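Structural description and commentary
As a plain string of letters, each chain reads:
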Amino acid sequence: MQPALKSTYKAPPLLPGWTEHKAPTGHTYYYNVETKESTYKRPVATAAPPTAPAASPASSFWQHQAVPQLNLSDPNVANAFMSQYGQPQHQPGQQRGGHGPGQRGGFQARPKPQPVDKPRSKVAIPGHEPWILVYTKYGRRFAYNSTKNTSYWRIPEKLMPAILELDKARIRQKAEGIESDQVAASEEPSRPAAPEQQQKDYDSSEYEEVEVTDDEDGEREDDGHASKRQRTEDLEDAENNGPVEFTEADIAAQLAAMGADYNEDYEMGEGYDDYGQGEAAAPLSETDARELFKDMLSDFNINPYSPWDILLEQGKIVDDPRYTVLPTTKARKEVWEEWSRVKIQELKELRQKQEKKDPRIAYFAMLQEKATPKLYWAEFKRKFKREDCMKDVKMADKDREKWYREYISRLKLPQSALKSDLKKLLESVPLSQLHNRSSTSSLPPAVLTDLRYWSLDTKSRDEFVEGYIAGLGPPPDSTGQQGQEEDEATAKAKEERRKREKALQDRERAVQEEKHRQEKKLQFERARLREEERELERAMQVSKKGLQSQLAPQDA
Amino acid sequence: MPPIRPSSKRKPPPDGFSDIEEDLLIFSNKMKDAQNAPSDNIPKHQAQWPIFQISHQRSRYIYELYYEKEAISRQLYDWLLKNNYADAALIAKWKKQGYEKLCCLRCIQTKETNFNSTCVCRVPRAQMKGEDREVQCVSCGCRGCASTD
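Residues numbered from 1 in each chain as written. Chains lettered and ligands numbered in written order. Predicted model: local features only at pLDDT ≥ 70, side-chain atom pairs only at ≥ 80, totals over all residues. Heavy atoms only, no water.

Interface extent is often summarised as the accessible area lost during association of the parts. Contacts between the two partners involve 19 residues from chain A and, on the opposite side, 16 residues from chain B. In total, chain A and chain B occlude about 1600 Å² of area from one another, counting both sides; carbon and sulfur atoms represent 52% of this. Considering only the surface of chain A that becomes buried against chain B, Tyr305(A), Ile310(A) and Arg341(A) emerge as the three largest contributors, covering 33% of it. Counting across the chain A and chain B interface gives two salt bridges. Here Lys30(B) ties to Glu313(A) by a salt bridge, and the two come within 3.0 Å at their closest N and O atoms. Viewed at the interface, chain B and chain A are joined by eight residue pairs in polar contact (both at pLDDT 80 or more). At eight residues, helix H14 (residues 329-353) of chain A tops the list of elements feeding residues into the side of chain A that touches chain B. A breakdown of the residues in the side of chain A that touches chain B according to their chemical character gives seven nonpolar, four polar and eight charged. (Contact = heavy atoms within 4.5 Å. Buried area = accessible area lost by both parts, 1.4 Å probe. Salt bridge = Lys/Arg side-chain N within 4 Å of Asp/Glu carboxyl O. Polar contact = N/O pair within 3.5 Å; in protein donor to acceptor, adjacent residues only side chain to side chain. Helix = DSSP H or I, 4+ residues; strand = E, 2+ residues; numbered from the N terminus. Nonpolar A, V, L, I, M, F, W, Y, C, P; charged D, E, K, R; others polar.)

All names here are of chain A. Under the criterion given, the structure shown has 26 salt bridges over all chains. Residue Glu387 is joined to Lys370 by a salt bridge in which the shortest nitrogen-to-oxygen separation is 3.1 Å. Taken together, the positions of Glu387 in the loop between helix H16 (377-383) and helix H17 (388-391) and Lys370 in helix H15 (residues 359-370) put the pair 17 residues apart, joining distant regions of the chain. Relative accessible area serves as the criterion here: at 27%, Glu387 is assigned to the partly exposed category. Here Arg497 makes a salt bridge to Glu501, at a shortest N to O gap of 3.4 Å. Of this pair, Arg497 and Glu501 are both found in helix H23 (residues 477-540), four residues apart, which corresponds to roughly one turn of the helix. Judged by its relative accessible area of 41%, Glu501 falls in the partly exposed class. Taken together, the salt bridges that share partners define one network made up of Glu286, Arg290, Glu291, Lys294 and Glu338. (Buried < 20%, exposed > 50% of the residue type's maximum accessible area, 1.4 Å probe, protein only.)

Take the pairing of strand S2 (residues 28-32) of chain A next. Residues and elements named next belong to chain A. For S2, the tally of buried residues reaches five of five residues, placing the bulk of the element in the interior. On S2, burial covers both faces: Thr28, Tyr30 and Asn32 on one face and Tyr29 and Tyr31 on the other are all buried. Here five bridges tie strand S1 (residues 18-22) to S2, and the two strands are oriented antiparallel to one another. In the sheet register, Lys22 faces S2, and the bridge partner there is Thr28. What sits between the antiparallel neighbours S1 and S2 is a turn of five residues, in which Gly26 has the positive phi angle 105°. Bridging between S2 and strand S3 (residues 37-39) involves three bridges; their strand directions are antiparallel. (Pairing = 2+ DSSP bridges.)

Time to look at the packing of helix H1 (residues 17-36) of chain B against helix H3 (residues 74-82) of chain B. All names here are of chain B. Look at H1 against H3: their axes get within 11 Å of each other, and the N-to-C directions meet at 35°. Pair H1 / H3 crosses with right-handed handedness. Here H1 contributes Phe17, Ile20 and Leu24 to the contact with H3, which in turn contributes Leu76, Trp79 and Leu80. Class assignment of the residues belonging to the contact of H1 with H3 gives a composition of six nonpolar, no polar and no charged. (Axes fitted to C-alpha atoms, helices over the stretch in contact; angles between N-to-C directions. Left-handed = near helix turned anticlockwise from the far one by under 90°.)

Below, the discussion takes up H3(B). Residue and element names in this part refer to chain B. Inspection of H3 places Leu76, Tyr77, Leu80 and Leu81 among the buried residues, and these make up the whole buried set. Buried residues in H3, looked at end-on, bunch into an arc of 135°, giving them a common side. Residues Gln75 and Lys82 are exposed on H3 and point more than 90 degrees away from its buried face. For H3, the secondary structure elements touched by its buried residues are H1, helix H2 (49-68) and helix H4 (88-94). (Arc of directions from axis to C-beta.)

Looking now at the sheet that holds strand S4 (residues 119-124) of chain A. Residues and elements named next belong to chain A. Overall, antiparallel pairing links the four strands, which are arranged S4-S5-S6-S7 in an open sheet. Sheet topology places S4 and strand S7 (150-152) at the edges, where each strand pairs with a single neighbour. Within this sheet the neighbouring strands show an average axis-to-axis angle of 30°, counted without direction. Bridge analysis of strand S6 (residues 141-145) against S7 gives three bridges, and the strand direction is antiparallel. Residue pairing across strands places Asn145 opposite Thr150, the latter belonging to S7.

Glancing now at the environment of Leu292(A). All names here are of chain A. Looking at where Leu292 falls in the secondary structure, it is placed in helix H12 (residues 286-299). Take Leu292: its relative accessible area is 27%, and that puts it in the partly exposed class. Once the C-alpha coordinates of Leu292 and Val325 are considered, the two residues, 33 residues apart in sequence, prove to be 7.6 Å apart. Non-local contacts of Leu292, meaning those with residues more than four positions away in its chain, are made with Leu284, Arg322 and Val325.

Let us now look at the sheet that holds S3(A). All names here are of chain A. Spatially, S1-S2-S3 is the arrangement adopted by the three strands of the open sheet, whose pairing is antiparallel. Unpaired on one side and paired on the other, S1 and S3 mark the two borders of the sheet. Between one strand axis and the next, the sheet turns through 25° on average, direction left out of account.

A word on the packing of aromatic side chains. Counted by the stated rule, this structure contains 21 aromatic pairs over all chains. Centroid distance Phe380(A) to Phe384(A): 5.0 Å. Interplanar angle 55°. Geometry classified as tilted. Note on Phe384(A): relative accessible area 12%, which makes it buried. The interplanar angle of 80° and the centroid separation of 4.8 Å between the aromatic rings of Tyr66(B) and Tyr67(B) together place this pair among those described as edge-to-face. Judged by its relative accessible area of 16%, Tyr66(B) is buried. What links up through ring pairs into an aromatic cluster is the set Tyr63(B), Tyr66(B), Tyr67(B), Tyr77(B) and Trp94(B). One Lys or Arg, Lys96(B), reaches over the ring of Tyr99(B) and ends 4.9 Å from the middle of that ring. (Phe/Tyr/Trp six-rings, centres within 6.5 Å; stacked < 30°, edge-to-face > 60°. Lys NZ or Arg CZ within 6 Å of the ring centre and 35° of its normal.)

Printed below as a string of structure tokens:
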């Protein structure tokens with residue numbers, strides 16, 4: 001609406017004959033219709049200095065003041081500027097702050113936040129070893145020198161031929177997939193489409209101005225479009241002049257190729273092996289899999305009491321290859337439940353078998369080692385609060401204190417008193433528990449849980465106890481009786497078992513005898529039958545001999 | 001209010017507590033974290049979800065230890081309930097048919113709800129109508145606790 005105002009937002013004017021375009025990669029480039037030249041560098045009149053302010057027009061507010069001054073200072077610039085009027089300006093990251101109806105919010109102090117672009121894929125540039133061509137998420141690309149650690153959006157001149165070669169190769173590669181002429185038809189028109197649209201978008205807001213100011217502008221733009229359409233028809237030109245466009249499919253193919261590489265790398269690693277084992281373990285039988293899983297649980301020393309969720313959170317077992325022998329988490333949980341149930345039962349049994357050790361023994365041993373009359377109970381407690389016996393819930397703190405005080409007071413007693421006390425203690429123990437066969441390492445709990453035993457220092461105490469034990473008599477029969485009773489019980493059980501076994505054998509023997517007898521009987525019966533049959537047969541065989549013999553004498 | 005006894009003068013927990021002490025500690029730490037987590041950037045009704053979930057997990061843990069694995073003694077179980085390690089009322093519901101997986105007691109409360117009915121998470125998944133079967137209930141974030149799920 002206000003041409004003068006609008007003009008202030010312009011970048012420095014282009015030289016006549018140049019037009020500005022936006023490449024699909026996001027760069028603006030400039031094209032000269034006459035010379036068919038294209039460049040990334042903005043061709044500005046050499047006399048025009050305002051490149052610097054134009055490059056950093058942060059706010060339209062400042063531009064408003066600054067640019068006209070500069071323009072006014074140089075009439076040439078102003079003229080050139082006027083000739084470029086209405087020319088679209090594509091400065092990435094730069095808002096065309098406008099008061100026009102179509103562009104609200106132009107008065108932003110900062111440029112609008114651009115979406116974050118990220119490098120997506122990279123290609124080494126052949127022939128220029130440290131240089132890498134990096135493609136970004138939004139399809140832009142830049143050259144990166146890995147040794148110098150520098151990168152340029154504008155691709156350096158010396159790299160251009162190599163990159164063009166790369167691009168050509170890629171297009172050819174793509175053309176192999178589709179029919180080559182189709183590619184030419186489908187790919188090329190897609191190239192100018194984007195810039196055209198963009199330009200139109202830009203132009204739409206200032207369409208009036210174009211009309212008002214210059215006819216040239218419209219023509220030039222038309223020229224630019226026309227020339228571009230021409231260019232699209234010949235591939236060579238496009239490749240030589242403008243940045244070549246790559247479709248999404250191209251990049252996708254590239255990424256896929258890179259992905260394949262990564263996969264191969266991954267395959268070589270251990271992780272894949274583990275995974276593969278899990279998948280390939282189909283022939284593993286169900287029970288084997290379950291056992292394997294249980295083995296794993298045992299190997300990791302997993303607390304059978306802890307819940308499944310915490311187990312998974314800790315993630316110790318998840319990395320193990322045996323974790324995957326079972327296909328589903330449900331199955332795993334089931335096996336874990338089974339395992340934990342069994343394990344808890346085992347633990348319970350184990351604990352029952354273990355004889356219960358008096359917590360006092362550990363505490364007294366600690367007292368003997370650590371307690372000194374220099375420490376009050378509170379100090380002692382604070383100093384050794386980390387010890388297991390100090391944390392043991394089985395003993396009350398009160399008791400611990402009591403024992404501590406007693407022990408400290410006993411430390412002050414003379415050695416002889418302690419010894420006599422110990423002697424009294426040992427004498428109080430019945431002979432069944434303490435006798436000449438017991439050793440200092442296996443004293444009865446009645447002795448070990450008494451402070452009188454612990455208050456003497458280890459060496460003299462052991463000597464004293466040894467001497468005392470040596471003077472004792474042999475264990476009375478009562479202990480033997482106990483043992484005998486136990487033996488008897490076991491013997492009885494054994495006897496019973498033997499009896500049972502014997503009864504079983506007897507029964508078997510009886511059965512066999514019976515069988516034998518029956519067989520005998522059968523045989524006997526058969527024999528008898530046979531004899532009878534024979535007799536009958538004999539009876540049937542009546543010969544005349546007998547009769548004749550009878551008759552003959554009578555006749556005679 | 002009765003005086004709070006110091007830990008040194010408290011009665012020791014029953015046997016077997018040391019086995020599960022570590023896991024209970026993990027739960028209590030989680031609970032503390034959940035209680036202290038900032039709730040300004042989440043919807044108001046979601047602020048208590050993690051607390052409900054952790055409480056449910058802990059109750060379930062103790063319930064399973066006692067009723068299914070039979071790993072802890074009756075004394076210890078009672079002691080745990082008495083000391084609020086598990087929600088006894090919730091466990092009481094789990095013993096009833098149809099409530100085996102109940103997420104929280106609020107979800108079976110029919111009073112003062114819009115339709116005088118239980119929570120959406122009590123509806124069996126097979127009976128859910130509409131496309132969005134993946135719902136989280138408002139009270140505790142449960143995704144479905146019907147016995148058939």
